Amino acid sequence: MAEVQTRAVILMNGFDLSGFLKTVDESATQDILDATSFDTDGAKEFKVGGHEREFSAEGFFSYNATDAFSVDKLFSDAFSASAERLFSFGMQGAIGVGEIAVMANLLQSEYAIKEVANELIMTTFVGKTSKGATQSPYARGIWLMSQTVTGAVNGTTVDNGASSVGYFAHVHNTNSDGTATVKIQHSVDGSTWADLIDFGAVASVGAEQAVNTATTVNRYRRAIVTAIGGTTSKVSVAFKSAYSG
Amino acid sequence: MAKTKQKLIFTCGGNLADGTRFEKGDIVPADVSEKELKVLREMGAIRESE
């Protein structure tokens, strides 16, 4: 069934890009290498080579000298920092618990600004996944939470149907008001909970990740968040289980 | 030295069914039901301590 894209949630390093971007392209490519030798009857032989994922986005330029978290600041850091960007994408609009969450750890390869007289100033971002030492930098999981939090909030329970092994998770605190403590819990009965991941205090306009390939994750999962110091925080938690790296 | 009575302690943080928060190293409250203790054992969230 065809789906019309009217809303999407795009988060990067704790910054909500949803209001600035108008297109996102996700592509995966794999090299096919020609291994045909002279010893052939004419049919070509191919070998599978390397593969990569690329995310590119186009949006509206934004710069504010007093705003440390502008789009320009976020994208410009590509020229001075080589650290991975935690990129989380909710393609199903206003993200709800259980909906698809795309997570990718990106090395930014391009940031372009296009200025044309009497036109909107546009920006382009391109990032590629790069294999890490212990994990693949891409996973497609679900959202465990995406909401503005004041005080302590226990997220909605997600029933995975069975336990699984390993996980990959992203957390974004996209509100500039304050810090929030974030945990992901799991349970065998959906009633009594044990902490699975403790992200500690996630700074405002900050992001964290957690990767594990060996721990058993019980059937029921949820996020629990506490906004610190009487402030509010907009916290989004993306989670992939059955993760083997 | 006489052996002290064994206690149950939590091996990680979490929340009991009534919402009570516990942290790693806390002593399991005496009023936790056998049913919930069974769940906590299954999750590896408690262990015995001297």
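Treat the numbers as computed from the prediction; the structure is a model and nothing was measured.

### Here we look at the overall build of chain B
Counting its regular elements, chain B contains one helix and four strands. Counting across all 50 residues of chain B, residues that qualify as buried make up 36%. For chain B, contacts bridging at least 24 residues in sequence account for 40% of all contacts bridging at least 6. Of the accessible surface of chain B, which amounts to about 3,500 Å², a share of 50% is contributed by carbon and sulfur atoms.

### Observations regarding the interface of chain B and chain A
Contact residues are listed per partner, giving 14 residues for chain B and 14 residues for chain A. Applying the counting criterion to the chain B and chain A interface returns one salt bridge. The closest approach of N and O atoms between Arg21 of chain B and Asp195 of chain A, which form a salt bridge, is 2.6 Å. Taken together, the links from chain B to chain A amount to five residue pairs in polar contact (both at pLDDT 80 or more). Elements supplying a minimum of two residues to the side of chain B that touches chain A: strand E2 (14-15), strand E3 (21-22) and helix H1 (34-42) of chain B.

### So, the confidence of the model for chain B
Residue and element names in this part refer to chain B. Confidence in the prediction of chain B, expressed as mean pLDDT, is 88, and 86% of residues score 70 or more. Confidence scores differ between elements of chain B, with strand E4 (residues 46-49) showing the lowest mean pLDDT of 90 and E2 the highest of 96. If you check the scores for this complex, the pTM reads 0.88 and the ipTM reads 0.90.

### Points about the domain arrangement of chain A
All names here are of chain A. As assigned here, chain A comprises domain 1 (9-34 + 48-129) and domain 2 (142-241). Relative placement of domain 1 and domain 2: their C-alpha centres are 23 Å apart. At the junction of the two partners, domain 1 supplies 23 residues and domain 2 supplies 22 residues. A combined buried area of about 1,700 Å² lies between domain 1 and domain 2, and 70% of that area is made up of carbon and sulfur atoms. Counting the contacts that link domain 1 with domain 2 gives zero salt bridges. For the interface between domain 1 and domain 2, the tally reads eight residue pairs in polar contact (both at pLDDT 80 or more).

### Quick look at the environment of Ser27 of chain A
All names here are of chain A. In this structure, Ser27 sits in strand E3 (residues 21-34). Taking relative accessible area as the criterion, Ser27 reaches 31% and is therefore assigned partly exposed. Considering only alpha carbons, one finds Ser27 and Ile10, 17 residues apart in sequence, at a separation of 16 Å. Sequence-distant contacts of Ser27, defined by excluding residues within four places in its chain, comprise Glu52, Arg53 and Glu54.

### Some words on a nonpolar patch on the surface
A cluster of nonpolar side chains, namely Ile32, Phe46 and Val48 of chain A, defines an oily patch on the protein surface of about 310 Å² accessible area. By secondary structure assignment, the location of Ile32 of chain A is in strand E3.

### Concerning the packing of aromatic side chains
Inspection of the entire model under this criterion finds nine aromatic pairs over all chains. Between Phe55 of chain A and Phe87 of chain A, the aromatic rings sit 5.1 Å apart at their centres with planes inclined by 55°, giving tilted as the arrangement. Separated by 32 residues along the polypeptide, Phe55 of chain A in strand E4 (residues 46-60) and Phe87 of chain A in strand E5 (residues 85-90) bring together distant segments of the chain. This pair shows no difference in class: Phe55 of chain A is buried, exactly as Phe87 of chain A is. Note on Phe10 of chain B and Phe22 of chain B: the rings are 3.8 Å apart at their centroids and 10° apart in plane angle, and the pair reads as stacked. Separated by 12 residues along the polypeptide, Phe10 of chain B in strand E1 (residues 7-10) and Phe22 of chain B in strand E3 bring together distant segments of the chain. With respect to burial, Phe10 of chain B and Phe22 of chain B carry one shared label: buried. Connected via pairs of aromatic rings, a cluster forms that spans Phe55, Phe87, Phe89 and Tyr138 of chain A. The positively charged end of Arg53 of chain A is found above the aromatic ring belonging to Tyr138 of chain A, 3.7 Å away from the centroid.

Parameters at a glance
- Residues numbered from 1 in each chain as written.
- Chains lettered and ligands numbered in written order.
- Predicted model: local features only at pLDDT ≥ 70, side-chain atom pairs only at ≥ 80, totals over all residues.
- Heavy atoms only, no water.
- Helix = DSSP H or I, 4+ residues; strand = E, 2+ residues; numbered from the N terminus.
- Buried < 20%, exposed > 50% of the residue type's maximum accessible area, 1.4 Å probe, protein only.
- Contact = heavy atoms within 4.5 Å.
- Areas by Shrake-Rupley, 256 points an atom, 1.4 Å probe, with all protein chains shown as cover.
- Salt bridge = Lys/Arg side-chain N within 4 Å of Asp/Glu carboxyl O.
- Polar contact = N/O pair within 3.5 Å; in protein donor to acceptor, adjacent residues only side chain to side chain.
- pLDDT = per-residue confidence, 0-100.
- Domains from an automatic or database assignment.
- Buried area = accessible area lost by both parts, 1.4 Å probe.
- Patch = residues over 30% accessible without salt bridge, like charges linked within 9 Å, V, L, I, M, F, W, Y side chains within 5 Å.
- Phe/Tyr/Trp six-rings, centres within 6.5 Å; stacked < 30°, edge-to-face > 60°.
- Lys NZ or Arg CZ within 6 Å of the ring centre and 35° of its normal.

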